[in-house]
Amino acid sequence: LCIRRKLFLNSELIENTHRQVTYLEYEGRLNEAAVRMVDEDYLMARVKRLERESPEFAHCMGRPSCRFLTTSIDGRHVYRKFFDFFGDKLVLLTHMGMSDWVHREGADLFWTDIQGLSMHKPGLLNDRNNKGCRAACSLHCQLSPPSSLPTDIVMPWTVAYMWTKRS
């Protein structure tokens, strides 16, 4: 089951209980309980099962040169227990979202958004705590915990999107 689909199903389940819903701002305004359910009850439960049932999994975890590859539209900062478990043994294929990928690419990267704001102009935020941050939203200047590691494969977001009221 796709991780994002599981997250939406859990969100719908929680929101239908008419309980107070808390959203995680740094994680992209995702439903906190739904994120925790995916992280702990889905992802970590599968990891624990692999630890018990798969000698190949255990062998790879024990070899320094062995890596796992996974994809997620959500960065490492969302499913923290899962990504903390693997650390840099897991290579994440994701989009640039909240990562510092653009900053690591250097000044020769040409990247402009539809409003014509260059990602390499001086910071759009004049916040002393986020020196050099180029994000229009301060939450995108928060880099801890990181949404990606230097070994992750980060791709530019190339599909059109439209903000919703909840965003």
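Below, the structure is looked at part by part. (Residues numbered from 1 in each chain as written. Predicted model: local features only at pLDDT ≥ 70, side-chain atom pairs only at ≥ 80, totals over all residues. Heavy atoms only, no water.)

1. Structural notes on the pairing of strand 3 (residues 68-71)
Consideration 1: Judged from the 4 bridges that link them, strand 3 and strand 4 (residues 90-95) form a sheet pairing that is parallel. Counted as the bridge partner of L69 is V91 from strand 4.
Consideration 2: After leaving strand 3, the chain enters helix 4 (residues 80-86) and then returns to the sheet as strand 4, a path that is right-handed. (Pairing = 2+ DSSP bridges. Helix = DSSP H or I, 4+ residues; strand = E, 2+ residues; numbered from the N terminus. Right-handed = clockwise from strand over helix to strand, strands pointing away.)

2. Some thoughts on the packing of aromatic side chains
Consideration 1: Considering all chains together, one arrives at 6 aromatic pairs under this definition.
Consideration 2: With centroids separated by 5.3 Å and ring planes inclined at 35 degrees, the aromatic side chains of F57 and F68 adopt a geometry described as tilted. Of this pair, F57 sits in helix 3 (residues 55-62) while F68 sits in strand 3, placing them 11 residues apart in sequence. For the residue pair F57 and F68, the accessibility class agrees, reading buried in each case.
Consideration 3: Pairing F57 with F86 gives two aromatic rings, centres 6.1 Å apart and planes at 90 degrees, and the pair type is edge-to-face. Here F86 lies in helix 4 and F57 lies in helix 3, a separation of 29 residues in the sequence. Accessibility assignment for this pair places F57 and F86 in one class, buried.
Consideration 4: Through a chain of ring-to-ring contacts, three or more aromatic side chains come together here, namely F57, F68, F82, F83, F85 and F86. (Phe/Tyr/Trp six-rings, centres within 6.5 Å; stacked < 30°, edge-to-face > 60°. Buried < 20%, exposed > 50% of the residue type's maximum accessible area, 1.4 Å probe, protein only.)

3. Describing the packing of helix 1 (residues 3-15) against helix 2 (residues 32-53)
Consideration 1: Two elements in contact, helix 1 and helix 2, have axes whose closest approach is 8 Å; the angle formed by their N-to-C orientations is 125 degrees. Taken together, the axis directions place helix 1 and helix 2 in an arrangement best described as oblique. The crossing of helix 1 and helix 2 is right-handed. Where helix 1 abuts helix 2, its residues I3, K6, L7, N10, S11, L13 and I14 lie against A33, A34, V35, M37, V38, Y42 and L43.
Consideration 2: Among the residues forming the contact of helix 1 with helix 2, the class breakdown is 11 nonpolar, 2 polar and 1 charged. (Axes fitted to C-alpha atoms, helices over the stretch in contact; angles between N-to-C directions. Parallel < 35°, antiparallel > 145°, perpendicular 65-115°, else oblique. Left-handed = near helix turned anticlockwise from the far one by under 90°. Contact = heavy atoms within 4.5 Å. Nonpolar A, V, L, I, M, F, W, Y, C, P; charged D, E, K, R; others polar.)

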